[in-house]
Amino acid sequence: MSKNLEELRREYAENEAKLQQYQHRVQRLEQRKKYYEKGERQKRAHRLITRGAAVESVAPEVKVMTERDFYILAEQIFSMPEVRAAVHAAVQREGA
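Keep in mind that this is a model prediction, so the values were computed, not measured.

Parameters and conventions
- Residues numbered from 1 in each chain as written.
- Predicted model: local features only at pLDDT ≥ 70, side-chain atom pairs only at ≥ 80, totals over all residues.
- Heavy atoms only, no water.
- Helix = DSSP H or I, 4+ residues; strand = E, 2+ residues; numbered from the N terminus.
- Rg over C-alpha atoms; globule rule 2.2 N^0.38 Å.
- Buried < 20%, exposed > 50% of the residue type's maximum accessible area, 1.4 Å probe, protein only.
- Areas by Shrake-Rupley, 256 points an atom, 1.4 Å probe, with all protein chains shown as cover.
- Lys, Arg positive; Asp, Glu negative; His and termini not counted.
- Charge placed at Lys NZ, Arg CZ, Asp CG, Glu CD.
- Phe/Tyr/Trp six-rings, centres within 6.5 Å; stacked < 30°, edge-to-face > 60°.
- Contact = heavy atoms within 4.5 Å.

As a further point, take the overall build of the protein chain. For the protein chain, the helix and strand inventory stands at three helices and zero strands. The linear arrangement of helices and strands in the protein chain, starting from the amino end, is α-α-α. Taking 12 Å as the expected radius of gyration for a compact globule of 96 residues, we find that the protein chain reaches 28 Å, considerably beyond that expectation. With respect to the principal axes defined by its C-alpha atoms, the protein chain has extents near 85 × 35 × 20 Å. Residue burial in the protein chain is summarised as follows: out of 96 residues, 3% are buried. With the model as given, the accessible surface of the protein chain reaches about 9300 Å², and the carbon-plus-sulfur share is 56%. Seen as two clouds, the 19 positive and the 15 negative side-chain charges of the protein chain have centres 3 Å apart.

Written out as structure tokens, the structure reads:
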């Protein structure tokens, strides 16, 4: 049984409407994804800023250091066995 022209046009219009609905759904999902990714970046930036501020408040001398010198210092500090143990213990307390 063949469809007449009017039925085909109606079917075409319905399919176009469905296509637009799916396209809008994809757009909403992409926007939601961007929103959550942006939120994660903002949380990370906030964490980095607050922890950097904490370091500066405990050791104000680091304010004048170059980034390279600060990283060298941080590597030296965090390679010390007692510091590694203290960090590990702090992480374990947080997880408990």
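Attention now goes to the packing of aromatic side chains. Each aromatic ring pair is summarised here by two numbers: the centre-to-centre distance and the angle between the ring planes. Counting across every chain of the model gives two aromatic pairs. Ring geometry for Tyr-35 versus Tyr-36: centroids 5.5 Å apart, planes at 70°, classification edge-to-face. Given a relative accessible area of 61%, Tyr-35 falls into the exposed group. For Tyr-36, a relative accessible area of 52% gives the class exposed. Where Phe-70 meets Tyr-71, the ring centres are 6.3 Å apart and the plane angle is 75°; that geometry is what we call edge-to-face.

So, about the environment of Val-55. With respect to the element layout, Val-55 can be found in helix α1 (residues 5–58). On a C-alpha basis, the gap between Val-55 and Arg-9 in space is 69 Å, while along the polypeptide they are 46 residues apart. When neighbours within four sequence positions are excluded, Val-55 is seen to be in contact with Val-62 and Phe-70.

Distances and angles like these do not, on their own, reveal function.
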